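# Overview (structure and organization)
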Amino acid sequence: MTIALRRVTADDWERWRSVRLAALAEAPAAFGSTLDDWADAPEHRWRARLSIPGALDLLAYEGPAAVGMASGVPGDEPGTVELISMWVDPAHRGRGVATDLIGAVAQWAREYGAQSLDLSVMPDNDAARRTYERNGFVAADEPGDALPDGRHEVVMRRALTAERGHQQEAGTP
Ligand SMILES: CC(C)(COP(=O)(O)OP(=O)(O)OC[C@H]1O[C@@H](n2cnc3c(N)ncnc32)[C@H](O)[C@@H]1OP(=O)(O)O)[C@@H](O)C(=O)NCCC(=O)NCCS
């Protein structure tokens, strides 16, 4: 079946909440946020999360079921977008749902004028790191946020300028 990506807004908070809570319950080690922190969050917190200025929040659907999610938010550095909240339902993994989501966020980030798409991933999250590598991300030469056990998150980066140049080149007669 085909995967359809839909952009959501604050008004879709209940739909987004159910997917995000499923993600935090299923893969707690993958995220900085916790299920405890969000399980009873009031409507205004969900709406605020879905109202980050300049952000893109996507849900992936297979038929009527939401099977994945990802967001792009403006990064700390100018010209960067950060990929966050990436999750795919375990029953739908290994079939390119994350790849579709990453592609859509990268395309949107390019249109937004970003030069790079960045993300942070837990150092032992091999499945995610492999997925990101297959999608053009390279581990950056800088440590991510410190973890309680003394390790650091891994920062990965996908350059978007080269892709833009490449596309322009390809379009030049
Ligand atoms: C990481 C995660 C998002 C990947 O989602 P996914 O939809 O399974 O990813 P993809 O299908 O795009 O790629 C994963 C694998 O499927 C393969 N694949 C199979 N069919 C594919 C297709 N049609 N298109 C692309 N990839 C395909 C990929 O090559 C890749 O293989 P690998 O395991 O050898 O690397 C998912 O495992 C997940 O939600 N994990 C828990 C949460 C998490 O870790 N989030 C990241 C936080 S930083």
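Preceding this paragraph is the structure being described.
Residues numbered from 1 in each chain as written. Predicted model: local features only at pLDDT ≥ 70, side-chain atom pairs only at ≥ 80, totals over all residues.

## Remarks on the site of the ligand
To be explicit about the condition: Each residue gets a C-beta atom placed from its backbone. If that atom is within 6 Å of a molecule or strand, the residue is near it. A run of DSSP states H or I qualifies as a helix once it reaches four residues; a run of E qualifies as a strand once it reaches two. Both are numbered from the N-terminal end. Each residue gets one of three labels, nonpolar for Ala, Val, Leu, Ile, Met, Phe, Trp, Tyr, Cys and Pro, charged for Asp, Glu, Lys and Arg, and polar for the others, Gly among them.
Neighbouring the ligand are 19 residues, the closest being Ala-30, Arg-93, Gly-96, Ala-98 and Thr-99. When residues of the shell around the ligand are traced back to their parent elements, those giving at least two are strand E4 (80-88), helix H4 (97-111) and helix H5 (126-134). Broken down by element, the residue count for the shell around the ligand peaks at 5 residues, all from H5. Grouping the amino acids of the shell around the ligand by side-chain chemistry returns 10 nonpolar, 5 polar and 4 charged.

## Here's the deal with the sheet that holds strand E7 (residues 152-159)
Our working rule: Two strands form a pair only when DSSP identifies at least two bridges running between them. To obtain an axis, a line is fitted to C-alpha atoms, over the contacting stretch when the element is a helix, and the angle between two such axes runs from 0 to 180 degrees between their N-to-C directions. A pair of residues counts as a contact when their C-beta atoms, built from backbone coordinates, are separated by no more than 7 Å.
Strand order in the open sheet formed by 7 strands is E1-E2-E3-E4-E5-E7-E6, and the pairing between neighbours is mixed. Single-partner strands in this sheet number two, and they are strand E1 (3-7) and strand E6 (138-146). Put simply, the sheet's adjacent strands are angled 30° from each other on average, direction ignored. Both strand E2 (residues 56-62) and strand E3 (residues 65-74) contribute to a ladder of 7 bridges, which runs antiparallel. Among the inter-strand pairings, Glu-62 is bridged to a residue of E3, identified as Ala-65. Against the sheet, H4 makes contact with E1, E2, E3, E4, strand E5 (116-121) and E7, and its axis sits at roughly 30° relative to E3, the strand it touches most. Taken strand by strand, H5 contacts E5 and E7, and its axis lies near 165° from that of E5.

## Quick notes on unusual backbone geometry
The condition that has to hold: Residue burial is a threshold on neighbouring C-beta atoms within 10 Å of the residue's own C-beta, all placed from the backbone, with 20 or more meaning buried, 12 or fewer meaning exposed, and counts in between meaning partly exposed.
Even without being a glycine, Ser-85 presents a positive backbone phi close to 55°. Its location among the elements puts Ser-85 in strand E4. Using a count of 20 C-beta atoms within 10 Å as the deciding quantity, one classes Ser-85 as buried.

By themselves, these figures tell us nothing about what the structure is for.
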